[in-house]
Amino acid sequence: MQCLKAAEALERFIPNAPNDPVLRYQLAEAWFKAWEDGRCREQAAEALRRNVASVRPPLTDAQRDRLNAWKDLAAD
């Protein structure tokens with residue numbers, strides 16, 4: 001329940017920083033912990049896209065590995 005509320009709060013913040021890959025990573029992680037695989041996949045893919053588009057990609061290798069795993073979660 002707490003992870004769901006955290007994800008919902010982060011999602012409301014996305015319009016304030018739509019191109020921030022770290023925020024998208026945090027949102028994907030919150031959706032993953034809330035067992036919302038579809039939403040996690042969506043944000044994981046978006047975080048990876050935004051990270052590649054960054055002048056200096058801020059995500060670590062470990063974060064990118066987790067995003068790739070979440071992006072490939074089985075569809076419900």
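Refer to the structure presented above.
No experiment lies behind these values; they were computed from the predicted model shown.

K.L.:
Looking at this model, I keep getting lost on a negative patch on the surface. Mind explaining?
P.N.:
Judged by side-chain charge, Glu8, Glu11, Glu36 and Glu42 come together as a negatively charged surface patch. With respect to the element layout, Glu42 can be found in helix H3 (residues 37-53).

K.L.:
Explain unusual backbone geometry here, please?
P.N.:
Most of the time, phi is negative for any residue but glycine, and the peptide bond is trans. In this structure, Trp35 takes a positive phi of about 65° despite not being glycine. With respect to the helices and strands, Trp35 occurs in the loop between helix H2 (21-33) and H3.

K.L.:
Could you clarify how one ought to interpret the pattern of salt bridges in this entry?
P.N.:
Once the charged atoms of two side chains with opposite charge are near each other, the side chains can pair. One pass over the structure, following the stated rule, counts five salt bridges. A salt bridge links Glu46 to Arg50, with the nearest nitrogen and oxygen atoms 2.5 Å apart. Here the residue Glu46 and the residue Arg50 both occupy positions in helix H3, the gap between them amounting to four residues, near one helical turn. Arg64 is the partner of Asp61 in a salt bridge, and the nearest nitrogen-oxygen pair spans 2.1 Å. Separated by three residues within a single helix, Asp61 and Arg64 lie in helix H4 (residues 61-71), roughly one turn from each other. Residue Asp61 is classed as exposed on the basis of its relative accessible area, which comes to 52%. Here Arg64 falls in the partly exposed class, since its relative accessible area comes to 26%. Linked through salt bridges whose partners overlap, the residues forming this network are Glu46, Arg49 and Arg50.

K.L.:
Can you help me understand the packing of helix H1 (residues 2-13) against H2 in this one?
P.N.:
Between two packed helices, the angle of one axis relative to the other and the distance separating the axes together describe the packing. Between H1 and H2, the shortest axis-to-axis distance is 8 Å and the interhelical angle comes to 150°. When the interaxial angle is binned, H1 and H2 end up roughly antiparallel. As H1 runs across H2, the sense of the crossing is left-handed. Residues Cys3, Leu4, Ala7, Glu8, Leu10, Glu11 and Phe13 of H1 touch H2, and the partners they reach there are Leu23, Gln26, Leu27, Ala30, Trp31 and Lys33.

Thresholds applied
Residues numbered from 1 in each chain as written. Predicted model: local features only at pLDDT ≥ 70, side-chain atom pairs only at ≥ 80, totals over all residues. Heavy atoms only, no water. Patch = residues over 30% accessible without salt bridge, like charges linked within 9 Å, V, L, I, M, F, W, Y side chains within 5 Å. Areas by Shrake-Rupley, 256 points an atom, 1.4 Å probe, with all protein chains shown as cover. Salt bridge = Lys/Arg side-chain N within 4 Å of Asp/Glu carboxyl O. Lys, Arg positive; Asp, Glu negative; His and termini not counted. Charge placed at Lys NZ, Arg CZ, Asp CG, Glu CD. Helix = DSSP H or I, 4+ residues; strand = E, 2+ residues; numbered from the N terminus. Buried < 20%, exposed > 50% of the residue type's maximum accessible area, 1.4 Å probe, protein only. Axes fitted to C-alpha atoms, helices over the stretch in contact; angles between N-to-C directions. Parallel < 35°, antiparallel > 145°, perpendicular 65-115°, else oblique. Left-handed = near helix turned anticlockwise from the far one by under 90°. Contact = heavy atoms within 4.5 Å.

Read these as geometric descriptors, not functional statements.
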